[in-house]
Amino acid sequence: MFEKTLSDLVKGLRSNKRREAEYVSKCIAEIKDELAGSNRSHQVKAIAVLKLTYLQMLGYDMSWAAFHIVEVMSSPGFAQKRIGYLGASVSYNDETEVVLLCTNMFKKDFGSANGYEVGLAINCLANICTADLARDLVADVVALMNSNRAYVRKKAVLVLYKIFLKFPDALRPSFPKLKEKLEDRDGSAVSCAVNVICELARKNPQNYLALAPLFFKLLTHTANNWMLIKIVKLLGALCPLEPRLGKKLVEPLTTLINTTPAKSLLYEAIHTVSVGMTPHLPIVQLSMEKLRGFVEDEDQNLKYLGLLAMSNFMKVHPRVVAEHKTMILHCLNDEDLTIRHRALDLVSGMVTKKNLGDITRVLMEHVDKSEGPFRRDLVSKIIEIASFNGYASVTNFEWYISTLCNLARQPGISNGAQIRQQLMDVVIRVKACRVYGVTSMVSLIEDQEMFSQSARDPSSAEVLYAAAWLVGEFSALLEPKVHEEVMAALLSSKVATLPEHVQAVYLQSALKLYVTASSKGEHAPLGSVKSGGGSDLLSLADTSMDLMGAASVSGAASVSGADTSMVGIGLEELIGGASPAAALDPLAALANPLSPLGIGGGMAGMTLTSGDDDILDAMLGPAPVVAAPAPAQSAPADWSMGAKVEAGPGVPLEGGVEGLHAMLEKRLPAFEVSTLLEVQERASICLRLLALVRSVGPAVVGQLAGLFRDELNPVAPKAQGKVPVPEGLDLDAWIHEPSPDGEDDEDEDEDSDGEKTRGGDAGEADEDDSPKDKKKKTTKKKKDKDGWEDEDFGGKNQFSLKPSKKEIAKMQKQAEKDRKKRTSDPFYLGAKKAEDETPALIDEKEVAEIPIFRLDEEDEDGGKKKKKKK
């Protein structure tokens, strides 16, 4: 009689906010006493369960009281039974074991004469339904659908959906009863049946296509808006499966759209039209007019829904949506970011050749005013609508290039990679606008603001990458009077602030510009020019390589005006560069056989724009050879990385070319000492080429220009597979004869087998040996295993570490292989004969001088004995 009620529990929690956990623990202890008593009434236990239910909703666990909840559920009184069902609905789950005890209780309550008790049981079943309960109770629930009470029938229909989810096998036998409820005399039962079927049809509408006549009848005869929303949704899912159904729905949906005042029903009707009735243009236009009212409404939710529905119509009827272009573009000014994004998505479908410029202008205005992610989305959308379908809507590519340049100058857009790709794609593919494009790129690389912007936004450097690349690739389109200005921009000191790959493109474009300018003003220096075959070109290459090797060995620090008997230049000299990393590591000089100096290849650091066939023609075809009046007097410059390249009194160049040459020689050394490897390599290659041009003359440029002469054309990814294999070429044949590695392996196996046999004879101790002999043999075996042998160095018995016979034989074989390779390697600068090599092994006399000491066994034994005596 002194138990606390739920009101007392709530009051106590409010008055003990600082000690809530302590108070709740005390209350739970009291509740356990109330539930444990055998003489407690049903009312006391019901109040205890009610308090536990409240605590469960506050986050305290009540799973320990699951059995007591079953006891309250079985109470005879309706008030106590309701509390028990409430507690079960709140606390039971699929893991609760006592749920199986509720099966018979549910069956009993389903047969109760009190309809409200039946309703309680059905509500609880919907919340705690498991696969076992669904299997055991589905027959009882289907029987309740025939009840003469509409209250029970509608609840039974609704709980069937939960039963189908837990036990899908129940759907087929119980579906006829569910179908009958669509024609029930009570509207609430019909509405419940429509809801269940609509939810089931979301997963597989095809199974419910046969119910279309019934739903069409309900659509035309019911006035319940909520049921109409469900029916319209279901018919919208069925329309794509049956085209004739859309034609049948035109009239009732038109009436519904024109007459209904409910926004929710109106939107569902319009959505149904956008999903399955788009071929019918009149109702599409009517829907767009209604959606215009949604977008113009002050309610942000309706505005968003209107734009969302318009996106569905955009896929099929873009022209109908384009009629509302002004209204959609006005939504870009909305404060709600989601509405702006929805409006931006609609813009791409409204673009035509006529309105591309106007839409782009409006979007550019919003770019100036926007910030953050939406600004990047605006730039991406401008690029998307212009490049869509292969630039189908662009009629003036010069306008598009200028638009891209304006976007590139916008701070903080972070779309540099997209703009770079578009600039390169348009200028390369559209020849008509190439001159204008190159001129625009010159303005970009000369814009000092772009460098500071690149420091704030790294993606802006990608735009400068495209600008420098295009200026270098199409430098022939530049006027000669701007060559020095462009060269100054390409070699500006601020270029060093750009990323590594961008700096590398700047240096290569400077080289291309120099070659182009030299080719335009090329003249015949130092006498007549005659045509030499491939053999002459190779002999000149050998001559030049010998001179380069002599220069690298001598270590001369400047370029002298060398006169040579044959000064034709081959591509081997032009592309043989020095890697700065090799200058720091002398062993790296032997690692790369492709470099004339053994210190890195120039081709790896250069990007060639001509095709492979043209490179081979330049290397092996006829080349101009210049006959000099006097033989060679001195070697050319020092080509090592450590030396500085200075202009000597070489062959004079023309006025404009001389200025470019001097500018390159003056500014490239700053890049040569850069900490970026690729920048170092390209700068060093350019300096060596300039030194070669200075010492020989502009005749070199004629062959150097062959690397950049041909245009860069797009190639399909699978183009190589269509190239026929030349006759007589066996792709599976060896290019070089394989080394006899198999024989070496056999020899090594024989050596190892022999050593094992000998080791077994000498290292193992016999049973007849004395303890001293066994100890000596064990010691000797251990020494042989560790690689130590007794030898007399300087009259003293020492232990020395020497390679085994097997290791010596392997080293000799490897040295012989390397010697054979060096004999046929034209780029190897060291000794090519065995007698010229320095011995690899250290002399034994030097080994004897190394002070290595090791204690003998006798000393060790003596020391142990002395310790024992002590």
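Residues numbered from 1 in each chain as written. Predicted model: local features only at pLDDT ≥ 70, side-chain atom pairs only at ≥ 80, totals over all residues. Heavy atoms only, no water.

Undergrad: Where do I start with the overall build of the protein chain in this structure?
TA: Check the secondary structure of the protein chain and you find 41 helices and four strands. Sequence separation of 24 or more characterises 69% of the internal contacts of the protein chain that already satisfy a separation of 6 or more. Accessible area of the protein chain: about 47400 Å², with a carbon and sulfur share of 54%. (Helix = DSSP H or I, 4+ residues; strand = E, 2+ residues; numbered from the N terminus. Contact = heavy atoms within 4.5 Å. Areas by Shrake-Rupley, 256 points an atom, 1.4 Å probe, with all protein chains shown as cover.)

Undergrad: Looking at this structure, I do not really get a nonpolar patch on the surface. What am I missing?
TA: Together, Met57, Leu86 and Val90 give the surface a local cluster of nonpolar side chains, amounting to about 270 Å² of exposed area. Residue position: leucine 86 is located in helix α5 (residues 78–91). (Patch = residues over 30% accessible without salt bridge, like charges linked within 9 Å, V, L, I, M, F, W, Y side chains within 5 Å. Salt bridge = Lys/Arg side-chain N within 4 Å of Asp/Glu carboxyl O.)

Undergrad: In this structure, what is going on with the packing of helix α22 (residues 373–391) against helix α24 (residues 416–429)? I would like to understand it.
TA: Between two packed helices, both the angle of their axes relative to each other and the distance between the axes serve to describe the pair. Relative to each other, α22 and α24 sit at 35 degrees, their axes nearing to 11 Å. Considering only the axes of α22 and α24, their crossing is left-handed. Contact with α22, carried on its side by Ser380, Ile383, Ser387 and Tyr391, involves Gln418, Ile419, Gln422, Asp425, Val426 and Arg429 of α24 and no other residues of that element. In the contact of α22 with α24, the residues fall into four nonpolar, four polar and two charged. (Axes fitted to C-alpha atoms, helices over the stretch in contact; angles between N-to-C directions. Left-handed = near helix turned anticlockwise from the far one by under 90°. Nonpolar A, V, L, I, M, F, W, Y, C, P; charged D, E, K, R; others polar.)

Undergrad: Sorry if this is basic, but what is going on with the packing of aromatic side chains here?
TA: Between two aromatic rings, the relevant description is the distance of the centres plus the angle of the planes. Here the structure, examined in full by the defined rule, presents seven aromatic pairs. Judged by centre distance (6.1 Å) and plane angle (25 degrees), the rings of tyrosine 85 and phenylalanine 106 are stacked. In this pair, tyrosine 85 sits in helix α5 while phenylalanine 106 sits in helix α6 (residues 103–110), placing the two residues 21 residues apart along the sequence. Summarising the burial analysis for this pair, tyrosine 85 and phenylalanine 106 share the class buried. Measuring from centroid to centroid gives 5.8 Å for phenylalanine 175 and tyrosine 208, while their planes differ by 55 degrees, and the two rings are tilted. Residue phenylalanine 175 is located in helix α10 (residues 171–180), and its partner tyrosine 208 is located in the loop between α11 (187–201) and α12 (212–221); the two are separated by 33 residues in the primary sequence. Note on tyrosine 208: relative accessible area 5%, which makes it buried. Site record: aromatic cluster; members linked through ring pairs are Tyr391, Phe397, Trp399 and Tyr400. (Phe/Tyr/Trp six-rings, centres within 6.5 Å; stacked < 30°, edge-to-face > 60°. Buried < 20%, exposed > 50% of the residue type's maximum accessible area, 1.4 Å probe, protein only.)

Undergrad: Explain the nonpolar core here, please?
TA: Across soluble globular proteins, nonpolar side chains have a tendency to be buried as a group. Core analysis: the largest hydrophobic core is formed by 210 residues, its most contacted members being Tyr92, Phe106, Phe110, Leu125, Phe215, Leu423 and Tyr506. Excluding anything up to four places from it in sequence, tyrosine 92 contacts Ala66, Ile69, Val70, Gly87, Val98, Val99, Cys102 and Ile128. (Core = buried A, V, L, I, M, F, W, Y, C linked by side-chain atoms within 4.5 Å.)

Undergrad: Explain the pattern of salt bridges here, please?
TA: Should the charged atoms of two oppositely charged side chains come close, the side chains can pair. A complete count under the given rule lists 27 salt bridges for this structure. Glutamate 242 is the salt-bridge partner of arginine 244, the closest N and O atoms lying 2.8 Å from each other. Overall, arginine 244 belongs to the exposed group, its relative accessible area being 65%. The partner of glutamate 658 in a salt bridge is arginine 694, with the nearest N and O atoms 3.2 Å apart. In this pair, glutamate 658 sits in helix α34 (residues 655–672) while arginine 694 sits in helix α35 (residues 677–696), placing the two residues 36 residues apart along the sequence. Here arginine 694 falls in the buried class, since its relative accessible area comes to 8%. A cluster of three or more residues bridged by salt bridges with shared partners is formed by Asp132, Arg135 and Asp136.

Undergrad: Sorry, what's going on with the packing of α6 against helix α8 (residues 131–144) here?
TA: In the contact formed by α6 and α8, the axes pass within 10 Å of each other and the chain directions differ by 0 degrees. In terms of their interaxial angle, α6 and α8 are classed as roughly parallel. Contacts between α6 and α8 involve Thr103, Phe106, Lys107 and Phe110 from the first element and Leu133, Asp136, Leu137, Asp140, Val141 and Leu144 from the second. (Parallel < 35°, antiparallel > 145°, perpendicular 65-115°, else oblique.)

Undergrad: What am I meant to see in α8 here?
TA: In an α-helix, one full turn covers 3.6 residues, which means residues spaced three or four apart are oriented alike. Over its 14 residues, α8 extends 20 Å from the first C-alpha to the last, a length consistent with the 20 Å expected when each residue adds 1.5 Å. The largest bend in α8 comes to about 50 degrees, at leucine 137. (Expected span 1.5 Å × (residues − 1). Bend = angle between axes of the 7 residues up to and from the residue.)

Undergrad: Any chance you could explain helix α16 (residues 281–296) here in plain terms?
TA: Between the first and last C-alpha of α16 there are 23 Å, a value that for 16 residues agrees with the 22 Å anticipated at 1.5 Å per step. Within α16 the residues assigned to the buried category are Ile283, Val284, Leu286, Ser287, Met288, Leu291, Phe294 and Val295. Where α16 is buried, its residues touch α14 (243–259), α15 (263–276), α17 (300–314), α18 (318–322) and α19 (325–330).

Undergrad: How do you make sense of the environment of glycine 372 when you look at a structure like this?
TA: The topology assignment puts glycine 372 in the loop between α21 (356–369) and α22. Judged by relative accessible area, glycine 372 falls into the partly exposed class, the value being 32%. C-alpha of glycine 372 to C-alpha of glycine 412: the two residues are 40 residues apart in sequence and 8.1 Å apart in space.

Undergrad: Can you help me understand the environment of threonine 360 in this one?
TA: With respect to the helices and strands, threonine 360 occurs in helix α21. For the pair threonine 360 and threonine 403, spaced 43 residues apart in the sequence, the C-alpha separation amounts to 8.8 Å. With residues near it in sequence (within four places) discarded, threonine 360 still touches Ile382, Ile385, Trp399 and Thr403.

Undergrad: Got a minute to help me understand the confidence of the model for the protein chain in this structure?
TA: Regions with low pLDDT carry predicted coordinates that are not meant to be interpreted in detail. For the protein chain, per-residue confidence averages 76 on the pLDDT scale, and residues scoring 70 or more make up 71% of the total. The model gives residues 744–765 a pLDDT under 50, and that stretch makes twelve contacts with residues more than four places away or in other chains. (pLDDT = per-residue confidence, 0-100.)

Undergrad: Could you clarify how one ought to interpret the side chain of arginine 153 in this entry?
TA: By the secondary structure assignment, arginine 153 is in helix α9 (residues 150–166). Relative accessible area serves as the criterion here: at 3%, arginine 153 is assigned to the buried category. In terms of polar contacts, arginine 153 uses its side chain to reach the backbone carbonyl oxygen of serine 147, at 2.8 Å. Setting aside residues no more than four positions away along its own chain, arginine 153 makes contact with Leu144, Met145, Ser147, Asn148, Lys181, Asp184, Arg185 and Asp186. (Polar contact = N/O pair within 3.5 Å; in protein donor to acceptor, adjacent residues only side chain to side chain.)

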